[in-house]
Amino acid sequence: MSVLVVVLVGVLFAVAAYLMMRRSIVKLIFGLLLLGTSANLFIFVAARLVPGRPPIVAPGQSTLEPPFADPLGQALILTAIVISFGVLAFAMVLVKKTYQAIGDDDLDALDPVSREEEG
Amino acid sequence: MLGPLWRSGLPDGGMLAVLGVGFLLSVLAPFVVRAAGPKGFAWLAAYPAGVFAWGLAAPSEVTAFPWAAGVEVALRLDGLSRLFVLLVSGLGALILVYASGYFKPRPNLGRFAGAFIGFMASMLGLVLADDAILLFVFWELTSVTSYLLIGFDHESPSARASAQQAFLVTAAGGLAMLAGFVVLHSETGTFRFSEMGFVVPEALMGAPALLLIVAGCATKSAQFPFHFWLPNAMAAPTPVSAFLHSATMVKAGVYLLARLKPTMESVTLWSPLLMGLGAATALVALALLAYHHDAKKLLAYTTMGALGALVFLLGQPDRYALQAFVALVTAHALYKGALFLTAGSLDKATGTRDVFAWSGLGRAMPWTAFGGALAAGSALGLVGTLGFIGKEYALKVGGAPAGWIVTAAFALGAGLVASRVGILPFVGGRREAKAIEVPWAMWLGPVVLGVAGIGLALSVGLWGAGLFDEVGASLRGRPVDWTWKPFFGFDRVFAASLLLAGLGFWLGWRIRPLGSTPPTMGLDRSWHRAVAALPGWAAKATSWLAPVGSVTGAAAGGRLRDGLAGLFSVVTVVVATGLASSGPIRFAVPFVWPGVFEAMLVVLAGATAVAVVFAPRRVSAICMLGIVGTGVALIFLTHGAPDLALTQLLAELLVIVIAVLVFYRLPKFRSLSSGWVRVRDATIALGFGTVMALLLLAVQSSPPQADVAAGLAARSVPEAYGRNVVNTILVDFRALDTLGEATVLVVAAIGVLALMRLRMEDAA
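Values in this document were obtained by computation on a predicted structure and should not be read as measured data.

## Focus on the overall build of chain A
Piece 1. Scanning chain A from terminus to terminus reveals 4 helices and 0 strands.
Piece 2. Its helices and strands in sequence order give chain A the pattern α-α-α-α, from N to C terminus.
Piece 3. Across the 119 residues of chain A, 61% fall into the buried class.
Piece 4. Taking the intrachain contacts of chain A between residues at least 6 apart in sequence as the baseline, contacts between residues at least 24 apart amount to 51%.
Piece 5. Accessible surface computed for chain A: about 4300 Å², of which carbon and sulfur atoms make up 66%.

## Describing the overall build of chain B
Piece 1. Of the regular secondary structure elements, chain B holds 31 helices and 2 strands.
Piece 2. Taken over the C-alpha atoms alone, chain B extends approximately 105 × 60 × 50 Å along its principal axes.
Piece 3. Here chain B holds 764 residues, and 55% of them are scored as buried.
Piece 4. If you take every contact in chain B between residues at least 6 apart in sequence, the share linking residues at least 24 apart comes to 79%.
Piece 5. When the accessible surface of chain B is totalled, it reaches about 32000 Å², and 70% of it is carbon and sulfur.

## Remarks on the packing of helix 14 (residues 319-350) of chain B against helix 16 (residues 386-396) of chain B
Residue and element names in this part refer to chain B.
Piece 1. Where helix 14 contacts helix 16, the two axes come as close as 8 Å, and the packing angle between them is 155 degrees. Classified by the interaxial angle, the pair formed by helix 14 and helix 16 is roughly antiparallel. Along this stretch, helix 14 crosses helix 16, giving a crossing that reads as left-handed. Contact with helix 14, carried on its side by Y320, Q323, A324, A327, L328, T330, A331 and L334, involves L386, G387, I389, G390, K391, Y393, A394 and K396 of helix 16 and no other residues of that element.
Piece 2. Split into classes, the residues belonging to the contact of helix 14 with helix 16 amount to 10 nonpolar, 4 polar and 2 charged.

## With respect to the interface of chain B and chain A
Piece 1. Each partner contributes to the interface: chain B provides 98 residues, whereas chain A provides 90 residues.
Piece 2. Summing both partners gives a buried area of about 8500 Å² for chain B against chain A, and 77% of it is carried by carbon and sulfur.
Piece 3. Per-residue buried area on chain B facing chain A is highest for H639, L696 and R723 of chain B; these three make up 8% of the total on that side.
Piece 4. Linking chain B to chain A there are 1 salt bridge.
Piece 5. Of the charged contacts, one joins R22 of chain A and D681 of chain B as a salt bridge, the two residues approaching to 2.2 Å between their closest N and O atoms.
Piece 6. For the pair chain B and chain A, the number of links is 11 residue pairs in polar contact (both at pLDDT 80 or more).
Piece 7. At the level of elements, helix 24 (560-581), helix 25 (596-614), helix 26 (618-638), helix 27 (642-663), helix 28 (675-701), helix 29 (707-720), helix 30 (725-733) and helix 31 (735-757) of chain B are the ones that each hand at least two residues to the side of chain B that touches chain A.
Piece 8. Sort the elements by how many residues they give to the side of chain B that touches chain A and helix 28 of chain B lands first, with 15 residues.

## Focus: the packing of aromatic side chains
Residues and elements named next belong to chain B.
Piece 1. Under the defined criterion, the tally for this structure stands at 33 aromatic pairs over all chains.
Piece 2. Taking 5.2 Å as the distance between ring centres and 85 degrees as the angle between the ring planes, the aromatic pair formed by Y102 and F103 counts as edge-to-face.
Piece 3. Taking relative accessible area as the criterion, F103 reaches 7% and is therefore assigned buried.
Piece 4. Note on F181 and F193: the rings are 6.2 Å apart at their centroids and 70 degrees apart in plane angle, and the pair reads as edge-to-face. Separated by 12 residues along the polypeptide, F181 in helix 7 (residues 157-188) and F193 in the loop between helix 7 and helix 8 (206-220) bring together distant segments of the chain.
Piece 5. In this structure F193 comes out as buried when scored by relative accessible area, which is 4%.
Piece 6. Directly above the ring of W509 sits R510, whose terminal nitrogen or CZ lies 5.3 Å from the centroid.

## Describing the pattern of salt bridges
Residues and elements named next belong to chain B.
Piece 1. A full pass over the atoms with the stated rule returns 11 salt bridges over all chains.
Piece 2. For the salt bridge of R82 with E470, the shortest nitrogen-to-oxygen distance reads 3.2 Å. Here R82 is found in helix 4 (residues 79-102), whereas its partner E470 is found in helix 20 (residues 467-476), with 388 residues between them in sequence.
Piece 3. By relative accessible area, which is 24% here, E470 ends up partly exposed.
Piece 4. A salt bridge links R680 to D681, with the nearest nitrogen and oxygen atoms 2.8 Å apart.
Piece 5. Overall, the relative accessible area of 12% leaves R680 in the buried class.

## Considering a nonpolar patch on the surface
Residue and element names in this part refer to chain B.
Piece 1. Where nonpolar side chains cluster on the molecular surface, the patch consists of L24, V27, L28 and F31 and spans about 410 Å² of accessible area.
Piece 2. Within the fold, F31 resides in helix 1 (residues 14-36).
Piece 3. In this structure F31 comes out as exposed when scored by relative accessible area, which is 53%.

## Remarks on the nonpolar core
All names here are of chain B.
Piece 1. Ranked by size, the top nonpolar core spans 185 residues in total, and within it L135, F181, L256 and F325 carry the most contacts.
Piece 2. Among the elements that make up this core, the one with the highest residue count is helix 14 (19 residues).
Piece 3. What F325 contacts, discounting residues up to four positions off in sequence, is V254, A258, L310, L313, L314 and L475.

## What about helix 15 (residues 366-380) of chain B?
All names here are of chain B.
Piece 1. Helix length check: helix 15 (15 residues) gives 20 Å between terminal C-alpha atoms against 21 Å at 1.5 Å per residue, within 8%.
Piece 2. The element helix 15 is extensively covered by neighbouring structure, given that 11 of its 15 residues are classed as buried.
Piece 3. Just downstream of helix 15 lies G381, where phi reads positive at about 80 degrees.

Cut-offs and rules
Think of each chain on its own: its residues are numbered from 1, step by step along the sequence as written. Starting at A for chains and at 1 for ligands, labels are handed out in the order in which the entities are written. Two thresholds apply to this predicted model, a pLDDT of at least 70 for residue-level local features and 80 or more for giving and counting side-chain atom pairs, whereas whole-chain, interface and lining totals are computed over all residues. With hydrogens and water set aside, each side-chain value is computed from the structure's full complement of heavy atoms. Here a helix means four or more residues in a row that DSSP labels H or I, a strand means two or more in a row labelled E, and each is numbered from the N terminus. Whether a residue is buried, partly exposed or exposed follows from its accessible area with a 1.4 Å probe, protein chains only, as a fraction of its type maximum: under 20%, in between, or over 50%, in that order. The contact criterion used is simple: two residues touch if any of their non-hydrogen atoms lie within 4.5 Å. In these tables, accessible area is a Shrake-Rupley quantity obtained with a 1.4 Å probe, and a residue counts as shielded only by the protein chains included in the view. Orientation is described by lines fitted to C-alpha atoms, with helices fitted over the stretch in contact, and by angles between N-to-C directions that extend from 0 to 180 degrees. Any angle that falls under 35 degrees is termed roughly parallel, while one over 145 is termed roughly antiparallel, one within 65 to 115 roughly perpendicular, and all others oblique. By the definition used in this description, the sense in which the near helix is turned from the far one sets the handedness, with an anticlockwise turn below a right angle giving left-handed and a clockwise turn giving right-handed. We call Asp, Glu, Lys and Arg charged. Ala, Val, Leu, Ile, Met, Phe, Trp, Tyr, Cys and Pro are nonpolar, and the rest, Gly among them, are polar. Throughout, the accessible surface (probe 1.4 Å) given up by two parts as they are put together, summed over both, is called the buried area. Salt bridge criterion: a side-chain nitrogen from Lys or Arg within 4 Å of a carboxyl oxygen from Asp or Glu. In protein, a polar contact means a hydrogen-donor-capable atom and an acceptor-capable atom, both N or O and within 3.5 Å, with residues adjacent in sequence counting only if both atoms are side-chain atoms; elsewhere, any N or O pair within 3.5 Å suffices. When two rings of Phe, Tyr or Trp (its six-membered ring) have centres within 6.5 Å they constitute a pair, described as stacked for plane angles under 30 degrees, edge-to-face for angles over 60, and tilted for the intermediate range. Only when the NZ of Lys or the CZ of Arg is both within 6 Å of the ring centre and within 35 degrees of the ring normal is a charge said to sit over the ring. To count toward a patch, a residue needs a relative accessible area over 30% and no salt bridge; like charges are then connected within 9 Å, while nonpolar side chains (Val, Leu, Ile, Met, Phe, Trp, Tyr) are connected within 5 Å. Only buried residues count toward a nonpolar core, which is a set of Ala, Val, Leu, Ile, Met, Phe, Trp, Tyr and Cys residues joined through side-chain atoms within 4.5 Å. Here, expected helix span is obtained from the residue count minus one, scaled by 1.5 Å.

Here you go:
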C-alpha cells in the first residue's frame, strides 16, 4: 500500500506544480490547493502508515499499545489543513475581486510589463 | 524589601473589579452612547468617578492569581499606582463630562465611546499591574485604543496616517520593552515588580535591559528622537488629546521608569541615560514650540517638554528631584488637562485653533476664562499652585547647571503656552463677536481642575504626607518622610521661580511664531518617506525571484509563474543532489500487495488529479479536486487518522462551496500558454513530483523515530487527561501553536470580510 501512496504523492506534487505555473489565476489557486494536500499526505506517509490503529487511548488504559499511527504528524497536518483552508479562502476572494477589477483571469493581464507591451 | 509597606491579607478583589467593570463597560459603552446620544458620555463618567472614590479609600495591597504560561495576573496598589489611578480616573470623569458637551450627535460616536472606556481600563490596568508581562499587555492595549481614538476621524487621510504612525512607533517601542523585561528577568529571576529587589551595578545584563526598556518608555512618552508622533496625534478629537496625549498615556513611559527606579537606578547607565534623554527632549520641545500657532500643537510640545523634565528628574538620586517629580506629575496632569479642554472650548466657540486669533473673549466666556486662568497660573508656577511647588523643588536640586537649564526650558515653554491658551485669549480687544460661553459640561472640567491645582497646593501640608509620601516610598523603595508645604520663603530659588514665570508670560505675550513651516528635524519626513517606500522595497524583494525564473529560459520580468518554475527547478535539483550524494537509496519498504479497495482509492485520486489539468471547465475541475480531496481523506481514515479525515472532508467541502460561488462567473478555461511552454512546465512538474516521491521513499526506508510520539502518547492520559492523543497535542502540549493557527484563521476571515465589502472601482 505505502508504495502506491508514495506514487500518489508524487503525482499530486507534479499536478500541483504544473497547475501553479499556468497563466490562469484560477488554475494557480487549484494548484495551491493541491500543493497543500500533497504536502499533508507527504508528512502523513513520512510518519509511517499504520492502518487501522488511531492514536486514541482505549478506556481503562493509560497509554497506547504499539503499533499506533503517529499522533505528532497528525497534529501537524491538522493545523496545516486548517491554515491552508484559511489562506485558500482569502486567495479565492482576492481572485474574484481581481477579476472584477481587471476583467480577466490571465495573470499576465496583471503584469505591468505585458500591459505596457499591449498598449 | 518592599513587603511591609502595604497592609496585606485583606480579601479584597477591588483592583480586579475595577478592571473587569472597565472592560465590560467598554463593550457596553457603544450602546449607551447610541441610545442616549452625546449625553451618554456623562453617564459613562460614573465609572471613572467610582474608580476615583475607590482609589481614595482602598488600602494598598498586592493580589495575584495564576494565569497562563507562568504569567500571573498580579495587581498592586501602592503610592505610585494610587497617584496614577486618581489622575486617570479623576481626569477621565471630567473629560467624559466634557465630551458630552463637545460632541454633536454623529455616526460612530458609540465606537468612540467604547475605545475611550477601553483605553481608560487599559491605562488603569497598566498602572495597577505588578507583573511585567501583564503590564506589557495593557501597554499594547493602550496603543491599540489610542490608534482607534486618534484615527476616529477615519475619512481624513492625515488622521489615519497619524494614527498609524503613533501606533507603529509606540508598539515597536513596546516590543523592545518586552525584550527588556525578559532580559531583566534573567537578572532578577521574577517578572513581579514588587519582588525584583534591585539589579547589582556589576550585573552583565543590566545595561541592555535598561536600554530596551527605556526604548519602550521613550516612544510612549514622546522622548527625543521618538517625539514626532505626538504633535501629529493631535488629529484626535480634543477630549482624546486632553486625556491620552497630555495626562495619561504619554505618562505611561514616565510611570514605568518611576516604577523601575528602585530596581534599576543601581545600573550605572541609569542617571546619564535618563538625564541626557530628558534634557534633550525638554530643549528640543522648547525649540519646536517657537514655530507653531495651533493651540493643540503648542500644548503637545509643552507636554513633550514636561515629559522630558520628568524623565530628567527621575535620572537624579536627589530627594528634591523626586519631590519635584511627584509634584510635577500631579500638577502637569491637572493644568495640561484643563488647558487642553480650554483650547477645545475656544475652538468650539470661535472655530479656530490659532492662538493669535483669540482675543477679548473673557466677557463672553467667563467660566472658561476662569478655569483657563487658574490652570495657566499653575503652569506658570505662580505662588499657591501645585506647579509652583514642583518648580520650586526642581530648582532646589543641587549640583550641575544642567538641572537649571532643563527646568528653565520646561518652565518657559509651559508658561509661554499657558499664557497663550489660558490667559491672553480672554483679555484685550474683542475680535470674534459671535462667540458665546460653552455649555456647563465643557467649562466644568477646566474649572474643577484649575481649582484643584490651587486647593491641593494650599492644603498640601495636610495630605502631602499621606499620598505624596506614599508615592515617594514607591520611588525610593523604602518609607520616606518628606516635608510638603505650599511656600518656602523668599530666597534665591523663589526669585528664580518668579523670574521664570514672568519671562514665560512675557514670551507668550510678545513672541510671534518664527515661521509657518517648522523644521521637523527631518524625523517626521523620514518616517513618511520610509513608510511610502515600503511597497517599493517589497516589489524589489519579489523581483529578485525573476532571475531564478530566467534560469529556466523564460523571459524575465518578475512574473509569478517564472519565479515558481525557478523555485520548483531549484527544489528538484537540490533534493535530487541530496538524495544522490547520500549514497544509493535502499528502498527497503516491504512491498505488500494492496487491497482492492485501497488500490482503487489511490488510482482514483491520482487519475482525477491528472484529469484536473485537462478539465475544460472550472466546475468540472472543482469537482475533480473534490474527488482528490475526498480520496486523501479516505486514506487518512483507513490509516488511523479519523480526526484528519474529518477535518480534511470539512475543509474540502468548504473550499469547493466557496470555489463554486466565487468562480462561477469567471470565463471558461483558455489555452493561454504556447505548446513548448507547456512542455517545459510539464517537464519541471514531473521532475518535481518524481523527486518528492523518491524523497518520501528514502524517508520511509530509514529507521522510524518513534520516541517523540511514544512520549506524547504516554503523557496524554496522566498529564492532559485526554484519550485522543492528537487532540491533547493540539489543545494542551502545543496549545500555543493552535492559538497561532486560530489567529491565522481570524486574520484570513477579517481579510475575506474586508475584501467582500470592498467596492472595486473599475481599474480599467
